[in-house]
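Below are the chains, spelled out letter by letter.
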Amino acid sequence: MGVSTTINGISVLVCDTAEAASEATAKLIANQLNANPRCVLGLATGGTPLMTYQSLIAMNQSGQCSFQNATTFNLDEYVGLAADHPQSYRSFMNDNLFSKIDVPIEQTYVPDGLADNIAEHCSQYEAMIDRHGGIDLQLLGIGHNGHIAFNEPGSDSQTKTRLVDLAGNTIEQNARFFSSADEVPRQAITMGIATILKAKQIVLLAMGSGKVDAVNAMLLGEVSADVPASFLREHPAVTVVLDRDAAAGLGIDTTRKMPTEQQTT
Ligand code: GLP
């Protein structure tokens, strides 16, 4: 199933392929649902979680896990896009997960990109997570510049749900989902680093050679706002799931058959 190791306090699982990494991530989420059917899940968008969601849909449809009593909170949403805009993160979640599983849609929360009073909406979102008892398992991807959710470089560990400006390279990366970079919104509402770190368990999935630098910086670089994902090293229960390509810079021997424990300090 892969090689597991520990790097700077973070459990790292390296799988042979992106499919295997996605399957392993889906199993962690299904295990959470089976251990506590009323759990609160933090969910992510982007290309990375798509195969994980497909696995979860298959598991849900074959009765291996149920979302019926679960509640979900998404990490972020573009400002200025209506919920039914095809590129809104609400549409992404409805199309790629919620409409295909048994979760009641009223138990799914995504920030409102058209909120009149964004600051108030952000504090209500934060309060809503708390009212549900906090997030049990938070799924994350990672941006090429080390961002998590839309916490761009410069975001410190105390940040909460708030309005942010997107970095130029994030706009370029996400332009692939729009007809041109000009159409990518310049701002977003995002959970903060502190919001994410309050989750009881965090699973970050990264796949492909394009994520090597971000993964290295997160696990091996300094813990700093320059690489927001590095703050995950301050959390006691983080699992980073990688495919071999994303793990290429970590020096892990992925030919070993048995899981191994390595400590890098
Ligand atoms: C987006 C999202 C993040 C996501 C990241 C990586 O901008 N806000 O939550 O993890 O970029 O995206 P991808 O998975 O498409 O590489």
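The sections below set out a description of the structure shown in this document. This is a predicted model, so every value here is computed, not measured.

Concerning the site of the ligand
Around the ligand sit 14 residues, and of these G47, T48, D76, R176 and K211 come closest. Within the contact set of the ligand, an oxygen atom lies 2.5 Å away from a side-chain nitrogen or oxygen of T48. Interatomic distance of 3.0 Å between a side-chain N/O atom of N174 and an oxygen atom of the ligand. Alone, the ligand offers 390 Å² of accessible surface; in the complex the protein occludes 95% of this. Split into classes, the residues belonging to the shell around the ligand amount to 4 nonpolar, 7 polar and 3 charged.

Things to note about the packing of aromatic side chains
For the coordinates displayed, the defined rule picks out 6 aromatic pairs. Where Y78 meets Y89, the ring centres are 4.8 Å apart and the plane angle is 45°; that geometry is what we call tilted. On the criterion of sequence distance, the pair formed by Y78 in strand 5 (residues 76–78) and Y89 in helix 3 (residues 89–96) is long-range, its members being 11 residues apart. Plain terms: the ring middles of Y89 and F150 are 5.9 Å apart, the flat faces sit at 10° to each other, and that makes the pair stacked. Here Y89 is found in helix 3, whereas its partner F150 is found in the loop between strand 7 (137–140) and strand 8 (162–165), with 61 residues between them in sequence. Across the pair, F150 and Y89 agree in class, each one buried.

Definitions and cut-offs
Residues numbered from 1 in each chain as written. Predicted model: local features only at pLDDT ≥ 70, side-chain atom pairs only at ≥ 80, totals over all residues. Heavy atoms only, no water. Near = heavy atom within 4 Å. Polar contact = N/O pair within 3.5 Å; in protein donor to acceptor, adjacent residues only side chain to side chain. Areas by Shrake-Rupley, 256 points an atom, 1.4 Å probe, with all protein chains shown as cover. Nonpolar A, V, L, I, M, F, W, Y, C, P; charged D, E, K, R; others polar. Phe/Tyr/Trp six-rings, centres within 6.5 Å; stacked < 30°, edge-to-face > 60°. Helix = DSSP H or I, 4+ residues; strand = E, 2+ residues; numbered from the N terminus. Buried < 20%, exposed > 50% of the residue type's maximum accessible area, 1.4 Å probe, protein only.

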